Structure formats: C-alpha cells, structure tokens
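Report on the structure
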Amino acid sequence: LSGKHSNTQIPKIIGAARRFELTQDTKDKTISEFFWNTVVHNHTYVMGGNSEYEYLTEAGKINHHLSQNTYNMMKLTRHLFSWQPKAELFNFYERALYNNILSSQHPQSGMMCYFTPLRMGAKKDFSTPFDSFWCCVGSGIENHVKYGEAIYNRGKDGSLYVNLFMASVLNWKEKSITITQQTAFPQNESVVLLVNTIRPQKFTLRIRKPE
C-alpha cells in the first residue's frame, strides 16, 4: 500500500464490501476484511486516521508521517460490523469518531479542517464560509450530521447492539420500545440506559465492552 492514495484505494474496498452484500461473493468479503485489518493494524494512528497527505506509507513506519484522514475507513467499518459484529470494529470507530472526526469541526464557527496534523508545532486550518473551501469540506459536513448513525445496531437474531456511548434516544418501533442513553462521555465515564416498553417482553441487549 505504500505510496498509494488512500482516498482512492479505500472507496474501492467499500465498493467490494457493498458488492459482497449484493452478490454474496466471498472473495469480496475477504478483500474487505483483509484490507481493514491491514490498514487499522499497520497504517493507523492512535486517533483512527491513516496516511500522509492522503498517501499511505510503509506499514508500521508511520511516526515520520503525521498528517492523516479517517472518513472512508469509518464507512468500511460499518459494513464489516453489519456482517459480523465485533467489539474491535467499534473500538476503532469510537477512537476515530471522538479523536479525529469530532475534533475536525471548529466548536464556535462550525467550519471544517482538511485534516488534523500530529506534527510537532502543527495547527489545524479551518475553512471559512466564503473565502476558504476545499473538496474535503463536503465530506467534512457529512461527517458531522452522522453522529447518530452507528450508536445502535439490530442483530440478525433480533438483539440490539449498543456500539457507542452517546446521549441519544432510540425509538424501536417494531417492539414499541424506547431506549434512552444518558451520558456525558467522554467528559465522564458514567452511562445510564433507560428501557421503556408498553408491554413486558424479552430481548437481548448487547453492550460493547471497550478494550
């Protein structure tokens, strides 16, 4: 992967993941899972990003390349989780969401930055409403309206997965259940789940145990 443009390669793998979902060709499943493991374990920084100015570098030698991006790997992660839920997938997703995606938006102006550099003395440069705009502002806007997308998932066996610890309300219409998650994470580590149902019923609630 060294020298390959990450935002060209990763969408190809997202395409393979989607093709597997449509055709059940196990080759595409193998491609997607192998690629995810390779990038996450050999090309990824602690906050979930990868690549230097969008180009992947040598495996396991990323300490000299401290500019990175995250967006497409999170999309691929959601595909893999829908096939076989694993805590490892959302351990990665959570780090990327809080440490990279959330930090890429200016808390006052709402503007986006192109990437979040890790180099010593580096700073984030944010877009402006009229005078500074680049291609990744588009995907940057998309990032910040999707925080509710992966908090919960429904398992094939009818169970409910709690993937992320984020204040939210889930209206599970099929079962007439409302689940309210109360938390100020990451400011504190307390999480309360309130389950409201109009009739007694049984279902499996699977809560991710963070590594």
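Quantities reported herein were computed from a predicted structural model and do not represent experimental measurements.

**Some thoughts on the packing of aromatic side chains**
Taken as a whole, this structure holds seven aromatic pairs when the rule is applied. Relative to Phe90, the ring of Phe81 lies with its centre 4.8 Å away and its plane at 85°, an arrangement referred to as edge-to-face. Phe90 matches Phe81 in its accessibility class, with the two residues each being buried. For the pair Phe90 and Tyr93, a centre-to-centre distance of 4.8 Å together with 45° between the ring planes defines the contact as tilted. Within this pair, Phe90 and its partner Tyr93 are both found in helix H4 (residues 87-101), separated by three residues, close to a single helical turn. This pair shows no difference in class: Phe90 is buried, exactly as Tyr93 is.

**Re the nonpolar core**
When a protein is soluble and globular, its nonpolar side chains tend to lie buried together. Counting 37 residues, the largest nonpolar core has Phe35, Trp36, Met73, Leu76, Leu97, Leu164 and Met166 as the members making the most contacts within it. Taken together, the elements giving at least two residues each to this core come down to helix H1 (6-23), helix H2 (26-42), helix H3 (71-83), H4, strand S2 (160-162), strand S3 (168-172) and strand S4 (177-183). For this core, the leading source of residues is H4, giving eight residues.

**Quick word on H1**
Between its first and last C-alpha atoms H1 spans 25 Å; for 18 residues at 1.5 Å apiece the expected length is 26 Å, and the two agree. Looking only at H1, the buried set comprises Ser6, Gln9, Ile10, Ile13, Ile14, Ala16, Ala17 and Phe20. For H1, the angular spread of the buried residues around the axis is 155°, confining them to a single face. Turned more than 90 degrees away from the buried face of H1, the exposed residues are Lys12 and Leu22. On its buried face, H1 sits against H2 and H3. Downstream of H1 by a residue or two, Gln24 has a phi angle that is positive, lying close to 60°.

Rules used throughout
As a convention, each chain's residues are numbered from 1 in the sequence order in which they are written. In keeping with the model being predicted, local features are shown solely for residues with a pLDDT of at least 70 and side-chain atom pairs are shown and tallied solely at 80 or more, while totals for entire chains, interfaces and linings include all residues. Each side-chain value is worked out from all heavy atoms of the structure, with water and hydrogens disregarded. Aromatic rings from Phe, Tyr and Trp, taking only the six-membered ring of Trp, are treated as a pair when their centres fall within 6.5 Å; an angle between ring planes under 30 degrees marks them as stacked, one over 60 as edge-to-face, and anything in between as tilted. In this scheme, a residue with accessible area under 20% of its type's maximum is buried, one over 50% is exposed, and one in between is partly exposed, where area comes from a 1.4 Å probe on protein chains only. For helices the rule is a DSSP run of H or I covering at least 4 residues; for strands it is a run of E covering at least 2, with both sets numbered from the N terminus onward. Among buried residues, the Ala, Val, Leu, Ile, Met, Phe, Trp, Tyr and Cys ones that are joined through side-chain atoms within 4.5 Å form a nonpolar core. An expected span of 1.5 Å times one less than the residue number is assigned to each helix. Summarising the geometry, the arc corresponds to the directions from the helix axis toward the C-beta atoms. Two residues qualify as a contact provided that any one of their heavy atoms is within 4.5 Å of a heavy atom in the partner residue.

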